[in-house]
Amino acid sequence: MKKHCGIVAAVFVLMAVMTACARPPVEEMNMAHDAVIRAENDVNAVNYAGNTLIRARDILTRMQSEADARRFDEARNFAAEAIRLAELAIAEGRSGAAWARDDAVNLLDSLGAQLAETTNALNAAGQAGVLNVDFDALSRDLYSARLNYDNARQNLAVSNYGDAIANGQGARFLLGHINGRLNEAAQLALRK
């Protein structure tokens, strides 16, 4: 029995020594912090990969909690996961920005032709003088559509794709409204 107690005591002493000698994964944790900070400072990651970035921050917090609780293996695993998520956020941000750029370019390309067609239609309707519409209101809408289109082009030029798309959609809505009013008035004129 004494021999058995001695072995058990030795095992406990060995475990205590190993636990006392266990060191936090400082290098891995620092790399995780750096990776998340890099992702937080990446405009595209912030704009287009917000959920992944939030997950990376949450994992970083869990990593710190595990390190504080001296569960260093878990902290090391969370550090690796935080790095992976931070890198994923940057990659998703890059992809999201490329998608938004392409979407903005396509939208604005189609709006250029639509803006010219609507301008011509409004001018022709005004010159014909046979439609019962408020040309002043439609002209103001056309002016607003042009402003939105110009703002969208400026936003696209400075890689502000979200605002480029929003302004482009605003212009498209106004042009659709103008064309709808002209079509309604033309159908009413034909019925008379």
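Bear in mind that the values here come from a model prediction, so they are computed numbers and not experimental data. Every chain is numbered independently, its residues counted from 1 as its sequence is written. In view of the model being predicted, local features appear only for residues whose pLDDT reaches at least 70, and side-chain atom pairs are presented and counted only at 80 or more, with totals across whole chains, interfaces and linings using the full set of residues. Processing note: side-chain calculations cover all non-hydrogen atoms of the structure and skip hydrogens and water entirely.

## What about the side chain of Glu-66?
Phase 1 of the analysis: Secondary-structure assignment places Glu-66 in helix 4 (residues 50-68).
Phase 2 of the analysis: Residues count as neighbours in contact if any of their non-hydrogen atoms are within 4.5 Å of one another. Sequence-distant contacts of Glu-66, that is, excluding residues within four places in its chain, are made with Arg-71, Glu-74, Ala-75 and Phe-78. The numbering of helices and of strands both runs from the N terminus, where a helix is a DSSP run of H or I of at least 4 residues and a strand a run of E of at least 2.

## Describing the nonpolar core
Nonpolar side chains tend toward joint burial in soluble globular proteins.
Phase 1 of the analysis: For this analysis, a nonpolar core means a set of buried residues of the types Ala, Val, Leu, Ile, Met, Phe, Trp, Tyr and Cys, connected via side-chain atoms within 4.5 Å. We call a residue buried when its accessible area falls under 20% of the maximum for its residue type, exposed when it is over 50%, and partly exposed in between, using a 1.4 Å probe and counting protein chains only. In terms of nonpolar packing, the biggest core is built from 26 residues, with Leu-111 and Leu-182 touching the most fellow members.
Phase 2 of the analysis: Of all the secondary-structure elements, those providing two or more residues to this core are helix 5 (72-128), helix 6 (135-157) and helix 7 (161-191).
Phase 3 of the analysis: Setting aside residues no more than four positions away along its own chain, Leu-182 makes contact with Ala-121, Leu-122, Ala-125, Leu-131, Val-133 and Leu-138.
Phase 4 of the analysis: If you look at the next biggest cluster of nonpolar residues, it comprises 22 residues, including Ala-35, Ala-39, Leu-53 and Leu-60.

## Thoughts on the pattern of salt bridges
Should their charged atoms come close, side chains of opposite charge can pair.
Phase 1 of the analysis: Take a side-chain nitrogen of Lys or Arg and a carboxyl oxygen of Asp or Glu: if they are within 4 Å of each other, that pair is a salt bridge. Applying the stated criterion across every chain, the model contains seven salt bridges.
Phase 2 of the analysis: Across the pair Arg-84 and Glu-81 runs a salt bridge whose closest N-O atoms are separated by 2.8 Å. Separated by three residues within a single helix, Arg-84 and Glu-81 lie in helix 5, roughly one turn from each other.
Phase 3 of the analysis: Given a relative accessible area of 40%, Arg-84 falls into the partly exposed group.
Phase 4 of the analysis: One salt bridge connects Asp-102 with Arg-101, and the closest N-O pair in it is separated by 3.5 Å.
Phase 5 of the analysis: Members of the salt-bridge network, linked through shared partners, are Glu-28, Asp-73 and Arg-76.

The values reported here are purely geometric and, on their own, carry no functional implication.
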